[in-house]
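A look at the structure
Now for the letters of each chain:
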Amino acid sequence: MGRQFRQETCRQALVRGSFWLDQSYDENQGQGLFKLLPMNSYSQLKAKSLQKPIELLWIDLQPSLKPFSKRLSCELATINHIVRRWEFHQEPDEYCTTQLIESYLLEELRKNKDEKPVLIGHGISGLFASNFAAKHPDLVDGLILISVDTKTSNYWFSHYYQMRNLYENLERQQVINHLVPMLLGSDNRVDHQKISGLFLNTLDKEYCKGSVLKPINMESIQIPQNLPVLVLVGDKDFVVDRQSKQRWQNLLKSGDRFAFIEDGYHFPQLFKSRQCASEIERFLMMTCNLSIPNTLTLLAG
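Residues numbered from 1 in each chain as written. Predicted model: local features only at pLDDT ≥ 70, side-chain atom pairs only at ≥ 80, totals over all residues. Heavy atoms only, no water.

Moving on, we come to the pairing of strand 5 (residues 142-146). Taking burial as the measure, the five residues of strand 5 include five buried ones, the bulk of the element. Taking every second residue as pointing to the same face, both faces of strand 5 are buried, with Gly 142, Ile 144 and Ile 146 on one and Leu 143 and Leu 145 on the other. Bridge count between strand 4 (residues 118-122) and strand 5: five bridges; the pairing is parallel. For Leu 119, the partnering residue across the bridge sits in strand 5 and is Leu 143. Taken together, strand 4, helix 5 (residues 124-135) and strand 5 constitute a β-α-β crossover, and its handedness is right-handed. (Buried < 20%, exposed > 50% of the residue type's maximum accessible area, 1.4 Å probe, protein only. Helix = DSSP H or I, 4+ residues; strand = E, 2+ residues; numbered from the N terminus. Pairing = 2+ DSSP bridges. Right-handed = clockwise from strand over helix to strand, strands pointing away.)

Printed below as a string of structure tokens:
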């Protein structure tokens, strides 16, 4: 009986996703992985904030990396938004497809049809969120993509696989140790040694398409045609490089927005969370709150 209960719990809470409020902030939430300065006052943003809170839903297929997004979530909540997170935890021996993950998220959102969230996703989670919104625009109110490329084989872990193939004499720990400062920046607030463990855990236990021996084969990205879209990319990101702006211009429709985050790396929401929050707030004020689609133009970053 105990084993059966455990399987049921894992199936519902882990495989189908965890759906929870993400509005608390703890200066030690990184568990010693990095040191952050105390949160600044957001009185200016609060003064301009929307009268009606908007529900923002983080889609996270690699939950080991959620400490990188926690601060941005808290700042958006400070501006008076409802911030939730939906996580997918893959069981070690379970065969997984994007269709399977989609069915679990679909089940959750259909329970609350009256509250359509704005989806947020980083990297491969952003690809999934974009394709989900394109297929189910009636359940979503908008889309925010962070460090997402139109090249569907371009992710941090694809660079890890390439480096493992290129430098066969290096151990996986050495490759990750080399990648971490490139992904986060050489910041003295980052404990690269501890953070490398998060990436290794993601590679071992979470949703990463492809492998060292097998190339990544992902479905093409789809953009919802009747929903506003915001794309944020760090201007120092070596994964989603500056040429991504031209690639996105060929895909985004009138009313969508692309913006570079100044001095941002592949996870700009970590140390550039205030700039990300400002871009997101401006985007929400001009689209979702007014309920007028296509009120933005594609701006230069």
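Next comes the rest of the description.
Within strand 7 (residues 257-261), five of the five residues are buried, which leaves the element mostly enclosed by the surrounding structure. Side chains Arg 257, Ala 259 and Ile 261 project from strand 7 onto one buried face, and the interleaved Phe 258 and Phe 260 project onto a second face that is buried too. Judged from the five bridges that link them, strand 6 (residues 229-234) and strand 7 form a sheet pairing that is parallel. Looking at strand 7, one finds that Leu 232 is bridged to Ala 259. On the question of chirality, the crossover connecting strand 6 to the parallel strand 7 by way of helix 9 (residues 244-249) is right-handed.

This next bit is on the confidence of the model for the protein. Per-residue confidence for the protein gives a mean pLDDT of 78, with 73% of residues at or over 70. Across residues 290-301, where pLDDT falls below 50, the model places 30 contacts with residues more than four positions away in sequence or in other chains. (pLDDT = per-residue confidence, 0-100. Contact = heavy atoms within 4.5 Å.)

Here we take up the packing of aromatic side chains. This structure, assessed with the given rule, holds ten aromatic pairs. A centroid spacing of 5.8 Å and a plane angle of 35° characterise the contact between Phe 68 and Phe 199, whose relative ring orientation is tilted. Within this pair, whereas Phe 68 is found in helix 3 (residues 67-78), its partner Phe 199 is found in helix 8 (residues 192-205), the two being separated by 131 residues in sequence. For Phe 68, a relative accessible area of 0% gives the class buried. An aromatic cluster is built from Phe 68, Tyr 155, Trp 156, Phe 157, Tyr 160, Tyr 161, Phe 199 and Phe 267, whose rings are joined through pairwise contacts. Across from the ring centre of Phe 260, 4.3 Å away, lies the NZ or CZ of Arg 242, which sits over that ring. (Phe/Tyr/Trp six-rings, centres within 6.5 Å; stacked < 30°, edge-to-face > 60°. Lys NZ or Arg CZ within 6 Å of the ring centre and 35° of its normal.)

The subject of this paragraph is the pattern of salt bridges. Any two side chains of opposite charge can pair, on the condition that their charged atoms come close. The final tally for this structure, using the stated rule, is 13 salt bridges. Asp 241 is the salt-bridge partner of Arg 247, the closest N and O atoms lying 3.2 Å from each other. Linked by salt bridges that have partners in common, Asp 149, Asp 241 and Arg 247 make up one network. (Salt bridge = Lys/Arg side-chain N within 4 Å of Asp/Glu carboxyl O.)

Here we take up the side chain of His 159. Mapped onto the elements of the fold, His 159 is located in helix 6 (residues 156-166). For His 159, a relative accessible area of 16% gives the class buried. When near neighbours in sequence (up to four residues on either side) are disregarded, His 159 contacts Asn 154, Phe 238 and Val 239.

Assignment of secondary structure puts Trp 86 in strand 3 (residues 82-87). As for Trp 86 and Ile 59, which are separated by 27 residues in sequence, their C-alpha atoms are 5.2 Å apart.

Glancing now at the environment of Ala 129. Examined against the element boundaries, Ala 129 turns out to sit in helix 5. A relative accessible area of 0% means that Ala 129 is categorised as buried. Sequence separation of Ala 129 and Ile 144 is 15 residues, and the distance between their C-alpha atoms is 8.8 Å. Residues in contact with Ala 129, not counting those within four places in the same chain, are Ile 59, Leu 119 and Leu 143.

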